[in-house]
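Now for the letters of each chain:
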Amino acid sequence: MADFDDITGWREELEAFEKTEEGRAFFAGNKRYRGVKMPYENVVQMVDLIFADEELHEALRKKIWFRDYAEEHDLEPHQDEFWEQNPIEAHDTFIAFERWYLMKALFPFDDSNLIVAIWLAIRMEEGKLTSLKTEQAKDYIKEHYPLYVAFSGETE
């Protein structure tokens, strides 16, 4: 199992891996796993990592701020202000983090399925969920994200 206790240098680790033949093959190969659910345990772990790392937590706050700002100002992608205010670096941070997590988790799900952890981290940051480890949170995940999250004993 990968070590997630200290994720310092995660970005550099990803960049180094992506430059290797193994890394290029790994990410090309994961495209075949579209639709594979992310195990619940990995979702919880990924959300915990987002809140434990200041760069990731700040990127999450920026994503929430921009969502609210765009909604409040009725912004659409075809408007200049949408792109002037959009914290692209926060989105890029999460794209890189998702790829790093995919590399480290050693489970064949693809990066499109990792987005559920960010959605749940947003719910937690907003106070709509206090923990992902409660039965209520599990029920919420089962109800709202059945296409993305697998619980123990479920078949894909």
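From a predicted model like this one, the values you see are computed outputs, not experimental measurements. (Residues numbered from 1 in each chain as written. Predicted model: local features only at pLDDT ≥ 70, side-chain atom pairs only at ≥ 80, totals over all residues. Heavy atoms only, no water.)

Trainee: Tell me what's going on with the pattern of salt bridges, and back it up with residues and numbers.
Mentor: The full count for this structure, using the stated rule, is 13 salt bridges. In this structure, Glu21 engages Arg24 in a salt bridge whose closest nitrogen and oxygen atoms are separated by 3.1 Å. Here Glu21 and its partner Arg24 are both found in helix 2 (residues 21-29), three residues apart, which amounts to about one turn of the helix. Judged by relative accessible area, which is 58%, Glu21 ranks as exposed. Here Arg24 falls in the partly exposed class, since its relative accessible area comes to 44%. Measuring nitrogen to oxygen at the nearest pair gives 3.3 Å for the salt bridge that ties Glu89 to Lys62. In this pair, Glu89 is assigned in helix 6 (residues 88-105) and Lys62 in helix 4 (residues 54-72), connecting sequence segments 27 residues apart. Owing to a relative accessible area of 44%, Glu89 belongs among the partly exposed residues under this scheme. Beyond isolated ion pairs, a larger network of salt bridges with shared partners links Glu54, Glu58, Arg61 and Glu125. (Salt bridge = Lys/Arg side-chain N within 4 Å of Asp/Glu carboxyl O. Helix = DSSP H or I, 4+ residues; strand = E, 2+ residues; numbered from the N terminus. Buried < 20%, exposed > 50% of the residue type's maximum accessible area, 1.4 Å probe, protein only.)

Trainee: Tell me about unusual backbone geometry, and name the residues and values.
Mentor: Backbone geometry places Asp74, a non-glycine residue, at a positive phi of 50°. Relative to the elements of secondary structure, Asp74 occurs in the loop between helix 4 and helix 5 (80-85). For Asp74, a relative accessible area of 56% corresponds to the exposed category.

Trainee: Break down helix 1 (residues 10-18) for me, with residues and values.
Mentor: Taken residue by residue, helix 1 has Trp10, Leu14 and Phe17 as its buried positions. For helix 1, the buried positions fall inside an angular range of 65° around the axis, keeping them on one side. Those residues of helix 1 that are buried lie in contact with helix 2, helix 4 and helix 6. (Arc of directions from axis to C-beta. Contact = heavy atoms within 4.5 Å.)

Trainee: Please provide a residue-by-residue account of the confidence of the model for the protein chain, values included.
Mentor: For the protein chain, per-residue confidence averages 90 on the pLDDT scale, and residues scoring 70 or more make up 93% of the total. When pLDDT is averaged over each element of the protein chain, helix 4 comes out on top at 97 and helix 2 at the bottom at 85. (pLDDT = per-residue confidence, 0-100.)

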